[in-house]
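Summary of structural features
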Amino acid sequence: MGTEWPQQTPASAVDASSLAHGTMDRAGTHEDFPTKWDADDATWVLTSAFIIFTMQSGFGLLESGSVSLKNEVNIMVKNAVDIFFGGLSYWMFGYGFSFGVGVYSNGFIGDGQFLVDSMAHDEHLGHLYAHFFFHASFSTTATTIVSGAMAERTKLEAYILFSFFNTFMYCVPCHWMWSTNGWLKQLGATDVAGASTVHLVGGVTGLVATLMLKPRLGILEQRIKMRSMSSPTNALLGMFMLW
């Protein structure tokens, strides 16, 4: 069953980010979490995850309003793809690489708990899935940041593959920063609201994608005109949702 919990700060004083950035031990218990979990803690973490998932709506509105009218639906579908395929890959291997504490887990990458499996089906199993769901929201957000950088430039089939495998780009720095044996965590590094593990990773990935795709043919020579935004109203509404 679960391990003994040390007396620490009450759960109400711990924000969702610090509460959720613990890891499970090999038995699937929560001895590395900063405080003991109860039903209220899990509810708070899940609520925070749902709020993060609403950012997908903000990204979708911002991007669909910024692209040309003919690509408006295409970019919305790509934001849905981030959840479907990015969430699937994070469940399959992303969470294990992020927080697995198996035999081969080290400071660079995690090992174990692939397919989000726990060997101890006890009262803490729900907390494991809450922890997974919270970080799945971060993982898919890191991917959807890139969709704006590649808007109108990639086919849907290629983007599905990118969305599936970009999880690996997120889970490695996530392990460094948030796993108890990550090398940055061991050095005492602190991440604020995913500034490095989510936004920096998404931004750098978007920059690399932009450099690989290169400018649209003729745009620099002004041989073609810039297309007008499909819906400035949607773009502004999406901006406020992200704000």
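Quick caveat: nothing in here was measured; it's all calculated off a predicted structure.

**Some details on the overall build of the protein chain**
Each helix and strand counted, the protein chain has nine helices and zero strands in total. Going from the N terminus to the C terminus, the protein chain shows its helices and strands as α-α-α-α-α-α-α-α-α. Expressed as a percentage of its 243 residues, the buried residues of the protein chain come to 47%. For the protein chain, long-range pairs separated by at least 24 residues make up 72% of all intrachain contacts whose partners lie at least 6 apart in sequence. Carbon together with sulfur atoms contributes 68% to the accessible area of the protein chain, which is approximately 12,500 Å² in total.

**Comments concerning unusual backbone geometry**
Backbone geometry places L115, a non-glycine residue, at a positive phi of 60°. For L115, the location among the structural elements is in the loop between helix 4 (72-99) and helix 5 (125-149).

**Some remarks on the nonpolar core**
Where a protein is soluble and globular, its nonpolar side chains tend to be buried together. Ranked by internal contacts, the top residues of the largest apolar core, which has 19 residues, are Y90, Y95, F138, Y170 and W178. When near neighbours in sequence (up to four residues on either side) are disregarded, Y170 contacts Y90, H135, F138, S139, A142, W178, T197, V198 and V201. Judged by nonpolar contacts, the second largest core, of six residues, contains V81, M150, Y159 and F162.

**Here's the deal with helix 5**
The end-to-end C-alpha distance of helix 5 is 38 Å, a good match for the 36 Å that 25 residues give at a rise of 1.5 Å each. Judged by how many residues are buried, helix 5 sits mostly within the fold: 19 of 25 residues are covered.

**Quick word on the packing of aromatic side chains**
Counted by the stated rule, this structure contains 17 aromatic pairs. Taken together, F93, F97, F114, F164, F165 and F168 form an aromatic cluster joined through their ring pairs.

**A few points about the side chain of T167**
Along the chain, T167 falls in helix 6 (residues 156-178). Judged by relative accessible area, T167 falls into the buried class, the value being 0%.

**Considering the environment of T43**
Topologically, T43 is positioned in helix 2 (residues 39-53). Along the chain, T43 and H127 lie 84 residues apart, while their C-alpha atoms are 9.6 Å from each other.

**Observations concerning helix 6**
Under the 1.5 Å per step criterion, the end-to-end length of helix 6 is 32 Å for 23 residues, consistent within 8% with the ideal 33 Å. Residue F164 marks the point of greatest curvature in helix 6, where the axis turns by about 30°.

**Topic: the side chain of N79**
Considering the arrangement of structural elements, one finds N79 in helix 4. A distance of 3.1 Å separates the side chain of N79 from the side chain of E63, its partner in a polar contact. One polar contact links the side chain of N79 to the main-chain carbonyl oxygen of I75, over a distance of 2.8 Å. The contact partners of N79, leaving out residues within four places of it in the chain, are Q56, F59, G60, E63, T144 and S147.

**A word on the confidence of the model for the protein chain**
Of the residues in the protein chain, 78% reach a pLDDT of 70 or more, and the chain-wide mean stands at 79. The low-confidence segment residues 1-19 (pLDDT under 50) makes 39 contacts with residues lying over four places distant or belonging to another chain.

Each value, and the rule that gives it
- Residues numbered from 1 in each chain as written.
- Predicted model: local features only at pLDDT ≥ 70, side-chain atom pairs only at ≥ 80, totals over all residues.
- Heavy atoms only, no water.
- Helix = DSSP H or I, 4+ residues; strand = E, 2+ residues; numbered from the N terminus.
- Buried < 20%, exposed > 50% of the residue type's maximum accessible area, 1.4 Å probe, protein only.
- Contact = heavy atoms within 4.5 Å.
- Areas by Shrake-Rupley, 256 points an atom, 1.4 Å probe, with all protein chains shown as cover.
- Core = buried A, V, L, I, M, F, W, Y, C linked by side-chain atoms within 4.5 Å.
- Expected span 1.5 Å × (residues − 1).
- Phe/Tyr/Trp six-rings, centres within 6.5 Å; stacked < 30°, edge-to-face > 60°.
- Bend = angle between axes of the 7 residues up to and from the residue.
- Polar contact = N/O pair within 3.5 Å; in protein donor to acceptor, adjacent residues only side chain to side chain.
- pLDDT = per-residue confidence, 0-100.

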